[in-house]
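Here are the chains, one letter per residue:
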Amino acid sequence: MNWHPPVPAQVSDGAGVTWQVRRAWPGSLAGEFVLEVRDPVGPGVRAAHFRQGNFDPVPRDDPLIPSLAREAEQGNVIVHRAHKRAVIQAGDKYVKVFRPGRAVDAASKHHIAASLLACSSFNTPRILEAGTDVMVFSSLGGRPYYELGQDHAAVTDASFDAAWAQWSQAWVTTASVAKGADFRDSVDTLPAHPSETEVANLQRWINHWLRHSQGVPEAATARSALLARAEAAINRLSGSAADPLGWAHGDLHDKQLFGSDENGGPGLLDFDEGCRAEAALDLANLDVHVELRLRQKLLTTRRYVIAHRRIVATAEKLHVSPERFAAYAACTRLRLACLYSFRPPWGAEATKYLSEPTTPERAL
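Residues numbered from 1 in each chain as written. Predicted model: local features only at pLDDT ≥ 70, side-chain atom pairs only at ≥ 80, totals over all residues. Heavy atoms only, no water.

Observations regarding the sheet that holds strand S7 (residues 85-90)
Where strands meet in a sheet, backbone hydrogen bonds hold them as pairs that are either parallel or antiparallel. Going by this rule: Paired strands, in this sense, are two strands between which DSSP finds at least two bridges. Note on conventions: DSSP H or I runs of at least 4 residues are helices, E runs of at least 2 residues are strands, and numbering of each starts at the N terminus. Only C-alpha atoms enter the line fits that serve as axes; for helices the fit covers just the stretch in contact. Angles between N-to-C directions range over 0 to 180 degrees. Contacts are residue-level and defined by heavy atoms, with any inter-residue pair within 4.5 Å sufficient.
The five strands lie next to each other as S6-S7-S8-S10-S9, forming an open sheet whose pairing is antiparallel. The open sheet terminates on both sides in strands that have one partner only, identified here as strand S6 (76-81) and strand S9 (127-130). Here the average twist between neighbouring strands, direction ignored, is 15°. Sheet strands in contact with helix H2 (residues 102-117) are strand S8 (93-98), S9 and strand S10 (134-138), and its direction is about 30° off that of S10.

Structure, rendered in structure tokens:
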């Protein structure tokens, strides 16, 4: 059960220079991976390919995101997913670079979210510039909840709980405001993300895992477990009645949420996946992420319980069906297990996650 996709923790180029692997994604063929590596000669990251044991860094002038080379001159590249997107930290600004034309939709989703969230005490980055493939944002005060949970010097359990309480109140208000006449038309322009879309997302990650483990004897047990759990999770989501659709962040997790700053209110960023979905989509995604932090030993059990109970209480306030919450959580848990199995150093633990279901109740 400990087999996982063989993504190396570090790789060497033709000159013998060692690069540390920060993140990884499955390639289109077994044994091929897309990497994000730490730049060994300075701050920042680079994208790369790893094919059949051969390491190939992607140049700064990534051909599918042509504005990257120019924008990278402003600061440090802190995100670079090959041929898809990149983020540059330039002083107190952040520059997000897309494929040509992709920034237009992202800017539209950001404007909708920012207007909506301003009515519910959330802070969001301001768009300083926007083009067809580049967006420039202001910084967001505070620290991600991901960091707050690991800080036991400046953050007490009580203040951690207060941060989650603040998020909960703002999130409930946001859901209410989004249903109002003032935002109905703009929210309706967002793409729908029904449960069928979530099933398709899960199935795509299952297919990645199956492709990379095809013909590997050591992976046979994990493959069988994954297929069985996937069938159960998909049937659970497809077989229960859906809750109403409303505004959704689309990728809500603890690195997107920021603790309150001098302006008051929690912060929220990254609205590229904004959509109309059941409230359970965001809430289950957030809950499974904090469950993952517990498994990664990045949260104490006490702090996991604090976050989990606030998320569940929020779901209750929004009248989320418990069955829908559990169904979305089951799908998210499998999707993240597949994703993290490609990422050192979590690969072995993530593979266990494929056949060892952990539910919030077990962790309490």
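Read on for the rest.
Concerning unusual backbone geometry
What counts, and what does not: A 1.4 Å probe rolled over the protein chains alone gives each residue an accessible area, and that area as a share of the maximum for its type sets the label: buried under 20%, exposed over 50%, partly exposed in between.
Following Pro344, the chain continues into Pro345 via a peptide bond in cis, with omega recorded as 5°. Within the fold, Pro345 resides in the loop between helix H10 (322-340) and helix H11 (347-353). If you check the backbone angles, Gln52 has positive phi at about 50° while not being a glycine. Residue Gln52 is classed as exposed on the basis of its relative accessible area, which comes to 56%. Despite not being glycine, His83 shows a phi value in the positive range, around 65°. Within the secondary structure layout, His83 lies in the loop between S6 and S7.

A short note on the packing of aromatic side chains
Going by this rule: Any two rings among Phe, Tyr and Trp, with Trp reduced to its six-membered ring, count as a pair given centres within 6.5 Å; such a pair is stacked if its planes are under 30 degrees apart, edge-to-face if over 60, and tilted if neither. Note on criteria: charge over ring means Lys NZ or Arg CZ within 6 Å of the ring centre, with the direction from the centre no more than 35 degrees off the ring normal.
Going through the model one piece at a time under the given rule, you end up with ten aromatic pairs. One aromatic cluster is present, built from ring pairs that chain together Phe122, Tyr145, Phe160, Trp164, Trp167, Trp171 and Trp247. When the ring centre of Phe160 is taken as origin, the NZ or CZ atom of Arg303, which lies over that ring, is 5.3 Å away. Note that Arg343 overlies the ring of Tyr340, its terminal NZ or CZ placed 5.8 Å from the centroid.

A word on the confidence of the model for the chain
Under the convention used in this document: For every residue, the predictor reports its confidence as pLDDT, a number between 0 and 100.
Summing up the model confidence of the chain, the mean pLDDT is 94 and the portion of residues at 70 or higher is 96%. Segment residues 359-364 is flagged for pLDDT under 50; beyond a separation of four residues in sequence, or across chains, it makes 15 contacts in the model.

Some thoughts on the environment of Arg126
Here Arg126 is to be found in the loop between H2 and S9. Sequence separation between Arg126 and Gly239 is 113 residues, and the spatial gap between their C-alpha atoms is 41 Å. Discounting residues that sit within four places of it in the chain, Arg126 has contacts with Val136, Phe137 and Ser138.

Notes on the nonpolar core
Operational definition: Among buried residues, the Ala, Val, Leu, Ile, Met, Phe, Trp, Tyr and Cys ones that are joined through side-chain atoms within 4.5 Å form a nonpolar core.
Of all hydrophobic cores here, the largest spans 90 residues; its most connected members are Leu35, Trp164, Trp167 and Trp247. Top element by residues in this core is H10. It accounts for twelve residues. Ignoring any residue separated from it by four or fewer positions in sequence, one finds Trp164 in contact with Tyr145, Leu257, Leu286, Val290, Ile306, Ala307, Arg310 and Ile311. In this structure, Val45, Val77, Ile88 and Val95 belong to the second largest nonpolar core, which totals eleven residues.

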